[in-house]
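# Descriptive analysis of the structure
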Amino acid sequence: MRCLGIMFSLVVAVGFWSSSCDAQTKDLSELVGGTVNQLASGFKFTEGPAADRQGNVYFTDIPNERIMIWSIDGELKTHRENTGRANGLYFTPNGLLLACEGGARRMTSQSPKGRIKVLTDSYEGGKYNSPNDLWIDQWGGVYFTDPRYGSQDGKEQDGFHVYYIAPNGKTVSRVIDDHVKPNGIIGTSDNKTLYVADAGGGKTYAYSIIGPGKIITKRLLCESGSDGMTLDHLGNLYLTTSSVRVFNSTGKDLGNIAVPEGPANVTFGGEDYSTLFITAKTGLYSVKMKVHGDGR
């Protein structure tokens, strides 16, 4: 294993890691406040949306190897090219942009000034399959999924697993090894629950977090896999299949948000973090919500 990491800052704004509310949503009408609108199109395959501290949404166009930005002013621009076919994105509290570079088979961070640093590119002597999605916990550790789609040539790991980069950036551990093909991943802002979608197995699971990289009590949340996922402040989980499917924290199916194209991933963004942004094949979409993103 080779890990060129960094220690992430734990200095965060008050409320950034606030706990999710325990209220149980009963119906989708309690959540959705508008209609789905297309913001931009003409991409090859959009993925990995992540909002910065201002609410600007960064997302990837994987085949074109670009990271794009949809600003809070409604402007589309290119942030980075030659991304190693970056997929999932996530911001650290101190503004580093982490990326799952699936084509380059590595995890990287980008500083606000544009410096790229490799966090990890192999595990126990073997290159990763294709890092896909990630989540950062309150300690600064990074969970990421490592499936492989398309050609399996050159695969060096013994399966599709979930890994954890320690807060000090020096070690990587395999934390889940019993999924068919893990994909979407997200944790609650109170750092008590980790959700992982087994896209290959058609299920999504919840785990209890008891420390940095320590998860126990695997629980089936729902009989649905997912590509990407996000959470609102009430603890509802948004999955992407042929539509955006929403489940509350008990696993109750609250309904679907229909999207013109098959959605790949979702996140909350905008100035008040109450707009749901959806990456879907060739387009970027949004819908105004009655809730806001978890921890915002």
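Residues numbered from 1 in each chain as written. Predicted model: local features only at pLDDT ≥ 70, side-chain atom pairs only at ≥ 80, totals over all residues. Heavy atoms only, no water.

### Remarks on the confidence of the model for the protein chain
Interpretation of this model should avoid reading the predicted coordinates in detail wherever pLDDT is low. Quick reminder of the rule: pLDDT is defined as a per-residue confidence score from the predictor, taking values between 0 and 100. We call two residues contacting when some pair of their heavy atoms lies within 4.5 Å.
When pLDDT is averaged along the protein chain, the result is 92; 92% of the residues meet or exceed 70. Across residues 1-21 the pLDDT falls below 50, and counting only partners more than four positions away or on other chains, this stretch makes 79 contacts in the model.

### A look at the packing of aromatic side chains
We apply this condition: Stacked, tilted and edge-to-face are the three classes applied to pairs of Phe, Tyr and Trp rings, where Trp contributes its six-membered ring and a pair requires centres within 6.5 Å; stacked means planes under 30 degrees apart, edge-to-face means over 60, and tilted covers the rest. The way it works is that DSSP assigns letters per residue, a run of H or I at least four long becomes a helix, a run of E at least two long becomes a strand, and they are numbered from the N terminus.
In total, this model carries nine aromatic pairs according to the counting rule given. Judged by centre distance (5.0 Å) and plane angle (75°), the ring pair of Y58 and F91 falls under edge-to-face. Placement of the pair is Y58 in strand β3 (residues 57-61) and F91 in strand β6 (residues 86-91), with a sequence separation of 33 residues. On the numbers, 5.5 Å between centres and 85° between planes, the contact of Y238 with F268 is edge-to-face. Linking Y238 in strand β21 (residues 237-240) with F268 in strand β24 (residues 265-269), this pair joins segments that are 30 residues apart in sequence.

### Focus on the pattern of salt bridges
Cut-off, in case you're wondering: Salt-bridge detection follows one rule: a side-chain nitrogen of Lys or Arg within 4 Å of a carboxyl oxygen of Asp or Glu. Type-normalised accessible area, obtained with a 1.4 Å probe on protein chains alone, sets the label of each residue: buried when under 20%, exposed when over 50%, and partly exposed for intermediate values.
With the rule as written, the count across this model stands at eight salt bridges. In this structure, D253 engages R245 in a salt bridge whose closest nitrogen and oxygen atoms are separated by 2.6 Å. Of the residues examined, R245 reaches a relative accessible area of 21% and is grouped as partly exposed. A cluster of three or more residues bridged by salt bridges with shared partners is formed by R80, E101 and R106.

### A look at the nonpolar core
Applicable threshold: We call a set of buried Ala, Val, Leu, Ile, Met, Phe, Trp, Tyr and Cys residues a nonpolar core when their side-chain atoms join them within 4.5 Å.
Of all hydrophobic cores here, the largest spans 23 residues; its most connected members are Y143, L194, Y195 and L237. For this core, the secondary structure elements donating two or more residues are β14 (161-165), β16 (182-187), β17 (193-198), β18 (203-211), β19 (214-222), β20 (229-231) and β21. The contact partners of L237, leaving out residues within four places of it in the chain, are I186, Y195, T204, L221, M229, T230, L231, R245, V246 and F247. Within the second largest apolar cluster, 18 residues are counted, among which are L31, Y238, V259 and L276.

### Remarks on the environment of G184
Turning to its location among the elements, G184 is positioned in strand β16. On the basis of relative accessibility, which here comes to 0%, the residue G184 falls in the buried class. Once the C-alpha coordinates of G184 and V246 are considered, the two residues, 62 residues apart in sequence, prove to be 14 Å apart.

### Notes on the sheet that holds strand β23 (residues 253-257)
Keep this limit in mind: When DSSP finds at least two bridges between two strands, those strands are taken to pair. Note on method: axes are straight lines fitted to C-alpha atoms, helices fitted across the in-contact stretch only, with angles between N-to-C directions ranging 0 to 180 degrees.
What the four strands build is an open sheet, ordered β20-β21-β22-β23; its pairing is antiparallel. Both outer strands of the open sheet, β20 and β23, are each paired with one neighbouring strand and no more. Taking the axes of each pair of neighbouring strands and ignoring which way they run, one obtains an average angle of 20° across the sheet. Of the pairings in the sheet, the one linking strand β22 (residues 244-247) to β23 comprises four bridges and is antiparallel in character. Paired with V246 across the two strands is G255, which belongs to β23.

### As for the sheet that holds β24
Two pairing modes exist for strands in a sheet, parallel and antiparallel, and in both the strands are linked by backbone hydrogen bonds. The four strands lie next to each other as β1-β26-β25-β24, forming an open sheet whose pairing is antiparallel. Strands with a single pairing partner mark the edges of an open sheet, and in this sheet they are β1 (37-40) and β24. On average, adjacent strands in this sheet sit at an angle of 30° to one another, irrespective of strand direction. Alignment of β24 against strand β25 (residues 275-280), held across five bridges, turns out to be antiparallel.

### A word on the environment of H79
Test applied: For the purposes of these results, a polar contact is taken to be a pair of N or O atoms within 3.5 Å, where, inside protein, one atom must be able to donate a hydrogen and its partner to accept one; residues adjacent in sequence count only when each atom of the pair is a side-chain atom.
Residue placement: H79 occurs in strand β5 (residues 76-81). Between the alpha carbons of H79 and T60 there is a distance of 9.7 Å; along the sequence they are 19 residues apart. Here H79 is in contact with Y58, I67, M68, I69, L97 and Q110, once residues within four sequence places are set aside. At 3.1 Å, the side chain of H79 forms a polar contact with the side chain of Q110.

### As for the pairing of strand β9 (residues 116-120)
Where strand β8 (residues 106-110) lies against β9, four bridges are found, and the strand directions are antiparallel. Looking at the pairing, S109 lines up with K117 of β9.

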